Amino acid sequence: MPLQPLHPTDLEALRPQLLRYAQLQLRNPAWAEDAVSETLLAALERPQAFAGRSQLRTWLIGILKHKLVDQIRRNCREISTTADDERSIEDELFAADGHWREQPADWGDPEHSLQQAEFFRVLEACVDHLPGQQGRLFMMREWLELETDEICKALGITPTNLWVMLHRARLRLRECLQLNWFQSREVGR
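Read on for an overview of the structure.

## Description of the overall build of the protein chain
In terms of helices and strands, the protein chain carries ten helices and zero strands. In the protein chain, buried positions account for 40% of the 189 residues. Long-range contacts, defined as pairs at least 24 residues apart, comprise 72% of the intrachain contacts of the protein chain with a sequence gap of at least 6. Accessible surface, the protein chain: about 11,300 Å² in total, of which carbon and sulfur atoms supply 53%.

This is how it looks when you write it as structure tokens:
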């Protein structure tokens, strides 16, 4: 069965989704727009690369991930640390003896949540509210799947600093999901 050719209108219809994804990753509208434009241009220049083994959107996001990494590398000097990156969430969550100040609630079956589109909207909102560089680092590591040394080199930080900020980001995400997803589900039961 021959492949359908790529039409610019099909690509343009996916532009808003790609732009949202890029903005989530980069947190800079101009950089996001550049990455999406480069993605669509790459798709138009090499339509034969789309073999039809995946959905068009999936293929474009694959291209976009590479363009996002390129954007991060080009603009790494402009990425800065904020005071919130340095503030310790550990003191808010844990007592001096290392135990939770408030025992975390049971999340039931988290796998079930991953199958719900609404969960991902809540997760995106939580990531959007991570302070400063924490959100960017989390996205680079967990969604773009960049290696530690590549992130450290691009941002001029040490591996220890990266792991501390990722730890803080994960704690904040956990708290946000607890409040905005899991507790709201308990109320609705």
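## Concerning the environment of Q133
Secondary-structure assignment places Q133 in helix α8 (residues 132-143). Note: C-alpha distance between Q133 and L162 (29 residues apart in sequence) is 9.9 Å.

## Quick look at helix α1 (residues 8-26)
Of all the bends in α1, the greatest, near 40°, is centred on R15, and the proline P16 appears no more than four residues after it. All of the buried residues in α1 are L11, L14, R15, L18, Y21, A22, L24, Q25 and L26.

## Remarks on the state of the cysteines
For the structure shown, the criterion picks out one disulfide. Through a disulfide, C126 is tied to C176; the S-S separation comes to 2.1 Å. Residues C126 and C176 are joined by a disulfide whose S-S torsion is about -80°; by sign, that bridge is left-handed. You can see C126 sitting in helix α7 (residues 117-128) and its partner C176 sitting in helix α10 (residues 159-188), a full 50 residues away along the chain. One exposure class covers both C126 and C176, and it is buried.

## Some remarks on the pattern of salt bridges
By the definition in use, this model includes five salt bridges. Linking R20 and E124 is a salt bridge whose minimum nitrogen-to-oxygen distance equals 3.0 Å. Taken as a pair, R20 in helix α1 and E124 in helix α7 lie far apart in primary sequence, 104 residues in all. Taking the relative accessible area as the measure of exposure, R20 reaches 42% and is therefore partly exposed.

## A closer look at the packing of α1 against α8
Between α1 and α8, whose axes approach to 7 Å, the crossing angle comes to 120°. For the pair α1 and α8, the contacting residues are Y21, L24, Q25 and L26 in the first and R136, M139 and W143 in the second.

## Some remarks on the packing of α1 against helix α2 (residues 29-45)
α2 packs onto α1 with a crossing angle of 145° between their chain directions and a minimal axis gap of 8 Å. In the crossing of α1 with α2, the sense of the turn from one axis to the other is right-handed. Of α2, the residues touching α1 (which contributes P8, L11, E12, R15, L18, L19, A22, Q23 and L26) are P29, W31, A32, E33, A35, V36, S37, L40, A43 and L44. Here the contact of α1 with α2 is built from residues that sort into 14 nonpolar, two polar and three charged.

## A few points about the environment of H167
By secondary structure assignment, the location of H167 is in helix α10. C-alpha of H167 to C-alpha of F138: the two residues are 29 residues apart in sequence and 9.3 Å apart in space.

So, how was this worked out
Residues numbered from 1 in each chain as written. Predicted model: local features only at pLDDT ≥ 70, side-chain atom pairs only at ≥ 80, totals over all residues. Heavy atoms only, no water. Helix = DSSP H or I, 4+ residues; strand = E, 2+ residues; numbered from the N terminus. Buried < 20%, exposed > 50% of the residue type's maximum accessible area, 1.4 Å probe, protein only. Contact = heavy atoms within 4.5 Å. Areas by Shrake-Rupley, 256 points an atom, 1.4 Å probe, with all protein chains shown as cover. Bend = angle between axes of the 7 residues up to and from the residue. Disulfide = S-S within 2.5 Å. Salt bridge = Lys/Arg side-chain N within 4 Å of Asp/Glu carboxyl O. Axes fitted to C-alpha atoms, helices over the stretch in contact; angles between N-to-C directions. Left-handed = near helix turned anticlockwise from the far one by under 90°. Nonpolar A, V, L, I, M, F, W, Y, C, P; charged D, E, K, R; others polar.

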